[in-house]
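For reference, the chains in residue letters:
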Amino acid sequence: MSAGGAVEPGLPAAAAAPSPAPARDPEPGHLFRPISAEDEEQQPTEIESLCMNCYRNGMTRLLLTKIPFFREIIVSSFSCEHCGWNNTEIQSAGRIQDQGVRYTLTVRAQEDMDREVVKTDSATTRIPELDFEIPAFSQKGALTTVEGLISRAISGLEQDQPTRRANEEAVAERIDEFIAKLKELKQVASPFTLIIDDPSGNSFVENPHAPRKDDALVITHYNRTLQQEEMLGLQAEAPEEKPEEEDIRNEVLQFNTNCPECNAPAQTNMKLVQIPHFKEVIIMATNCENCGHRTNEVKSGGAVEPLGTRITFHITDPSDMTRDLLKSETCRVEIPELEFELGMAVLGGKFTTLEGMLKDIRELVTKNPFTLGDSSSPGQTEKLQEFSQKLDQILEGILKAHFIMDDPAGNSYLQNVYAPEDDPEMKVEHYKRTFDQNEELGLNDMKTEGYETGLPAQR
């Protein structure tokens, strides 16, 4: 069953002049400011708008803000003092991500119903146990909870029930039965699965156990199909054939792009680098002159390896922090002593040192607003502080720990200072990928042998 009828009214179509209250225009670099309850200067813009319920003037409030580790968003809220109608929604103001994301959550207890969820317009929500689906673009974006998503779907299905009972009583009865099943889900009498599939990559489901791994939540990043590209208004670029081979190993290439922080025009430098005892990689660095944001990204310069690679390194000395490290986008990172796991595609590809990687992990975990905000559960802050203290002890060489890099594509690397001899503290294992790992890498549908069958013979 589809909840296509669960469309909530969007932002009011007609808008009049702004309210007479004076508002100071923000500086261009501070248009999207980080969300904070202590920022008194961050006030919403009020616009007098037409109420689509009673057709009298109400008030729309717009807040342009930025949630760390999510994207820039626009929060809009409309309320009418005459009829009491109100509407709240969010819209992503950031760019569409390079890959789509799929969150699969197994709801087992009432605590799972309180998980925070960011659902964009382009996300599809499914509950397989009820064969229920909320299609993409049938609802406005929302910052809510799992229970809020179900309540919103119930409200949408109940919206036209009086009309259905008058015209199609049988259909209305079946929908009433289905609404009753949705209401039972809110009681969590039995486990069920919630899937949020967003081709734009801008949706989010909270992990209340951070920084530990969430056994109930599976996050999958995937490449969009042509149909999804068209749905998002993107056009895939056809690869251009170069007339002749060029040697770019000794050349730094530059191309124009937009800053991922402030969206101002910037330049990205790209260089092909040969890592000793490993392979060629492509390093890309962007430096924005407008806001000062700097970023670097690493891509493998070669193909996917026949076998996956698992590197287990035992950190025993502070000098280990200076080892060079290459983490590809397909690599997972684990620290068993901290019960910590960093999933695939998180932090992207990086060419740094072991110390730099651990500091990036600390910043990712300790500065996440979904784990330290007002909605955090009691005791969660203490767990994060304990995690940060242990990570500092590892960085200082006080606490010994294992650092594990598991890359199914085999494109990650940790420096061996004893090369070409074996490192006594490092274990490198090569393994055969599973079907699911090949599926994540897109290899199951890739045909590399026998594809020339049936082609006309070349003369």
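Here is a short report on the structure shown in this document. Note that the structure is a prediction, hence the values are computed from the model and not measured.

Some remarks on unusual backbone geometry
Phase 1: With a phi close to 60°, Tyr55 is a non-glycine residue in the positive phi region.
Phase 2: Position of Tyr55 relative to the elements: it lies in the loop between strand S3 (45-50) and strand S4 (57-66).
Phase 3: In this model, Asp131 sits at a positive phi of 55°, which is unusual for a non-glycine residue.

Looking at the packing of aromatic side chains
Phase 1: Applying the stated criterion to the full structure yields 3 aromatic pairs.
Phase 2: Here the aromatic rings of Phe132 and Phe178 are separated by 5.3 Å at their centres, their planes lie at 40°, and the arrangement is tilted. Of the two residues, Phe132 sits in strand S10 (residues 132-134) while Phe178 sits in helix H4 (residues 169-185), which places them 46 residues apart along the sequence. A single burial state applies to Phe132 and to Phe178, both of which are buried.
Phase 3: Geometrically, the ring pair formed by Phe340 and Phe387 is tilted, given 5.4 Å between the ring centres and 40° between the ring planes. Of this pair, Phe340 sits in strand S22 (residues 340-342) while Phe387 sits in helix H8 (residues 380-395), placing them 47 residues apart in sequence.
Phase 4: Note on Phe340: relative accessible area 6%, which makes it buried.
Phase 5: Looking at Phe387, the relative accessible area reads 4%, which means it is buried.

Observations regarding the side chain of Thr220
Phase 1: Considering the arrangement of structural elements, one finds Thr220 in strand S14 (residues 217-222).
Phase 2: With relative accessibility at 16%, the residue Thr220 sits in the buried group.
Phase 3: Not counting residues within four places of it along the chain, the set of residues in contact with Thr220 comprises Gly100, Val101, Arg102 and Glu440.

Thoughts on the pattern of salt bridges
Once their charged atoms are close, side chains differing in charge can pair, the charge on each being opposite to the other.
Phase 1: Within the structure shown, the criterion is met by 19 salt bridges.
Phase 2: The shortest N-O distance in the salt bridge between Lys213 and Glu341 comes to 3.5 Å. Of this pair, Lys213 sits in the loop between strand S13 (204-205) and S14 while Glu341 sits in strand S22, and the two are 128 residues apart along the sequence.
Phase 3: Under the relative-accessibility criterion, Lys213 is labelled partly exposed at 48%.
Phase 4: Of the residues examined, Glu341 reaches a relative accessible area of 25% and is grouped as partly exposed.
Phase 5: For Glu440, the salt bridge goes to Arg332, with nearest N and O atoms at 3.2 Å. A residue pair is termed long-range when its members are at least 10 positions apart, and Glu440 in helix H9 (residues 435-440) and Arg332 in strand S21 (residues 332-335) qualify at 108 residues.
Phase 6: Judged by its relative accessible area of 27%, Glu440 falls in the partly exposed class.
Phase 7: What you see here is one network of salt bridges that share partners, running through Arg310, Asp406, Lys427 and Glu429.

Looking at the nonpolar core
Phase 1: Membership of the largest hydrophobic core comes to 32 residues, with the highest contact counts inside it found for Ile127, Phe132 and Leu182.
Phase 2: If you list the elements that add at least two residues to this core, you get strand S7 (100-107), strand S8 (116-119), S10, helix H2 (146-158), H4, strand S12 (192-198) and S13.
Phase 3: Looking at this core, the element that brings in the most residues is H2, giving 6 residues.
Phase 4: In contact with Ile127, not counting residues within four places along its chain, are Phe132, Leu182, Leu185, Phe192, Thr193 and Leu194.
Phase 5: In terms of nonpolar packing, the next biggest core, distinct from the first, is built from 27 residues, Ile315, Met321, Val333 and Ile394 among them.

Some thoughts on the environment of Arg126
Phase 1: Mapped onto the secondary structure, Arg126 falls in strand S9 (residues 124-127).
Phase 2: The exposure class assigned to Arg126 is partly exposed, which follows from its relative accessible area of 26%.
Phase 3: With 70 residues separating them along the chain, Arg126 and Ile196 place their C-alpha atoms 6.6 Å apart.
Phase 4: Leaving out residues up to four positions away in the same chain, Arg126 has contacts with Phe132, Glu133, Thr193, Leu194, Ile195 and Asp197.

What about the packing of H2 against H4?
Phase 1: Where H2 contacts H4, the two axes come as close as 10 Å, and the packing angle between them is 165°. Considering their axes alone, H2 and H4 lie roughly antiparallel with respect to each other. Note on packing geometry: the crossing formed by H2 with H4 is left-handed. Packed against H2, whose contacting residues are Ile150, Ile154, Leu157 and Glu158, the element H4 presents Ile175, Phe178, Ile179, Leu182, Lys183 and Leu185 at the interface.
Phase 2: Tallied by class, residues from the contact of H2 with H4 come to 8 nonpolar, no polar and 2 charged.

Analysis parameters
Residues numbered from 1 in each chain as written. Predicted model: local features only at pLDDT ≥ 70, side-chain atom pairs only at ≥ 80, totals over all residues. Heavy atoms only, no water. Helix = DSSP H or I, 4+ residues; strand = E, 2+ residues; numbered from the N terminus. Phe/Tyr/Trp six-rings, centres within 6.5 Å; stacked < 30°, edge-to-face > 60°. Buried < 20%, exposed > 50% of the residue type's maximum accessible area, 1.4 Å probe, protein only. Contact = heavy atoms within 4.5 Å. Salt bridge = Lys/Arg side-chain N within 4 Å of Asp/Glu carboxyl O. Core = buried A, V, L, I, M, F, W, Y, C linked by side-chain atoms within 4.5 Å. Axes fitted to C-alpha atoms, helices over the stretch in contact; angles between N-to-C directions. Parallel < 35°, antiparallel > 145°, perpendicular 65-115°, else oblique. Left-handed = near helix turned anticlockwise from the far one by under 90°. Nonpolar A, V, L, I, M, F, W, Y, C, P; charged D, E, K, R; others polar.

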